[in-house]
Amino acid sequence: MASVGTTAAQSTNGRGSGAEIPVENPATGEVIAHVPDLHADRVAELAVLARAAQPGWQALGFDGRARVLRNLRTWIMDHGDEVVETLVAETGKTYEDANLIELLYIGGALTYWAKHAERFLADERVGARTLAVTGKKMITRYEPVGLVGIIGPWNYPLVNSFGDAIPALLAGNSVILKPSEFTPLTSLLVADALVECGLPANVFAVATGRGATGAALVDEADYVMFTGSTATGKKVLARAAQTLTPVALELGGKDPMIVLADADLERAANAAVYYSMLNGGQTCISVERVYVEEPVYDDFVERVVKKVGAIRQGPSTGPATSEVGAMTTGAQLEIVERHVADAVAKGAHARTGGKRGDGKGLFYEPTVLVDVDHSMQAMTEETFGPTLPIMRVADAEEALRLANDSPYGLAASVYGGRERAEQLARRIEAGAVCVNDALLNYLAVELPMGGWKSSGLGSRHGAGGIRKYTKQQSLFISRVHLKRELFMFPYKAKSSKLLFKGVRALYRRGKRG
Ligand code: NDP
């Protein structure tokens, strides 16, 4: 892959001069591109350009903006091979992870927001229900915030970075996206595609760089959408507080799966394996730990061990060439190693895997851990790798207690008889809980998703997922009125007394609900 963005200092995509960051293919260790490491002053310049471009973009209206985003959907599908190859090369994920998660999500999201943005942001008439305002016309309406800053992680460059730009753009904002330093190439590809699809210059820019570039973007933006670790999320929140900039934080998780004795064990076992190993286990809502009711524990573990033992791992070179790809970063691989070593030192057993893969790439073998408990990091801290620790529990109540014994609350899943599983799901402390399913809720763009506890602040998707990129304005309009209202100056004893009586009469108990 060619060097990216090393030429123009002032291109619309934010590529500039100065220091560069090498981008590696983590499955092969090969350097595949270089991108600029943008300094704060360059981010500020991009912000000036983006702000200048925003009113023209807003003036295009919903139809005009939706047309550009629909063009992009067609472009992405027409150039699917190029997009997938870029994703695979910079993340080390498999072709299936790129096609069936990234492309599927982005196609659905572009379709959904292009179709529904106007409805979610349409003026809403509010009926007068308070007697003091009877007869007034009231409207809530939405104005784009102006410039949205999006800071993304490395695990899903299309879904978690550009995915959040879609509603922000459709709401009429300009957007600067700061992708992870490890995976900037897909964002740059999409930025070029957007221009080809009719997006006016500077409405969307990519600010490549490291943490400092992200911090500079927080200073410039009118709204910050951050997806990443809880530790960095706290820094972003603290920085945004300096300028009172609103933020949404989608952070880490330690998602539990509970398997009840009346579950369809084959479905539960397949789900546990797939949803813990998908994308190399590097999904914010991966299954990170499993609690299984005693009567079915042994059967469940044997099924899982057999399935994980059959997984093929290695660089993905096309459809069905590998099931579990590489870890995207060396630092993440070290976290996985540390969690497994800690668990084993404390009495856990690796029934499969338990070590790095052979070869040059950043691989960790698909690993099933048993004899685990909550003294181990593998059960309490986000591992973000192809590991599946499984714990035996006496009953559903113990599973629930352990599932909730976490600082995180991103998502969870329960497998079991539907009635019982749904009742248990309602008691799990997480922003999203699936019953006899897992992870797929992320593809439901119509369903809000946001973490509880240390997993986040605010949410994405659904009506709130686009309204957050706007400033709400309330219009209060007087239609039929007097020259002077009765309550205005100068006060007159007679009318004051009449009004006092009226207030008490109106709200005396039983009169007005
Ligand atoms: P990080 O928190 O390390 O980084 C996220 C982004 O923030 C990167 O672009 C990073 O840049 C940037 N950044 C780093 N420091 C700062 C700073 N001081 N100010 C502003 N931006 C900064 O997360 P990872 O990239 O390691 O992603 C993995 C994490 O993301 C996991 O914890 C995972 O659970 C979470 N995640 C959450 C999701 C959700 O929806 N809840 C979805 C996907 C992932 P750089 O990369 O250059 O350091």
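A few words on the pattern of salt bridges. In total, this model carries 27 salt bridges according to the counting rule given. Here Glu288 and Lys254 are joined by a salt bridge, their closest N and O atoms 2.7 Å apart. In this pair, Glu288 sits in the loop between α9 (265–277) and β11 (289–293) while Lys254 sits in the loop between β9 (247–250) and β10 (256–259), placing the two residues 34 residues apart along the sequence. Neither residue differs from the other here; Glu288 and Lys254 are each classed as buried.

Together, Leu486, Phe487, Met488, Leu499 and Phe500 give the surface a local cluster of nonpolar side chains, amounting to about 500 Å² of exposed area. Along the chain, Phe500 turns up in helix α16 (residues 493–507).

Pairing within the open sheet is mixed, and its six strands lie in the order β7-β6-β5-β8-β9-β19. The outermost strands of the open sheet, each flanked by one partner alone, are β7 (204–206) and β19 (456–457). Both strand β5 (residues 147–151) and strand β8 (residues 223–227) contribute to a ladder of four bridges, which runs parallel. Along β8, the bridge assignment pairs Val148 with Tyr223. Sitting on the sheet, helix α1 (residues 40–59) touches β5, β6 (174–178) and β7, and the angle it makes with β6 is about 155 degrees. Contacts from helix α5 (residues 157–170) reach β5, β6, β7 and β8, with the element oriented near 170 degrees to β6.

A separate point is the confidence of the model for the protein. For residues with low pLDDT, the predicted coordinates do not support detailed interpretation. Per-residue confidence for the protein gives a mean pLDDT of 95, with 96% of residues at or over 70. A low-confidence stretch, residues 5–15 (pLDDT under 50), is modelled with 35 contacts involving residues beyond four sequence positions or located in other chains.

About the cut-offs
- Each chain carries its own residue numbering, running from 1 in the direction its sequence is written.
- Thresholds applied to this predicted model are a pLDDT of at least 70 for local features of residues and 80 or more for the giving and counting of side-chain atom pairs; totals over whole chains, interfaces and linings are not thresholded and use all residues.
- Neither water nor hydrogens contribute to the side-chain values; these are computed over all heavy atoms in the structure.
- For this document, the term salt bridge refers to a Lys or Arg side-chain nitrogen within 4 Å of an Asp or Glu carboxyl oxygen.
- By definition, any uninterrupted DSSP run of H or I lasting at least four residues is a helix, any uninterrupted run of E lasting at least two residues is a strand, and each is numbered from the N terminus.
- Each residue is assigned to one of three classes by its accessible area relative to the maximum for its type, calculated with a 1.4 Å probe on protein chains only: buried under 20%, partly exposed between the two thresholds, exposed over 50%.
- Grouping into patches uses exposed residues only, defined as over 30% relative accessible area, and leaves out salt-bridged ones; the cut-off is 9 Å for like charges and 5 Å for nonpolar side chains (Val, Leu, Ile, Met, Phe, Trp, Tyr).
- Computed by Shrake-Rupley with a 1.4 Å probe, the accessible areas treat only the displayed protein chains as cover when residues are assessed.
- Between any two strands, at least two bridges found by DSSP are needed for them to pair.
- Contacts between residues were defined by any pair of non-hydrogen atoms, one from each residue, lying within 4.5 Å.
- Axis definition: a line fit to C-alpha positions, over the contact stretch in the case of helices; interaxial angles, taken between N-to-C directions, run 0 to 180 degrees.
- The score called pLDDT rates the predictor's confidence residue by residue, from a low of 0 to a high of 100.

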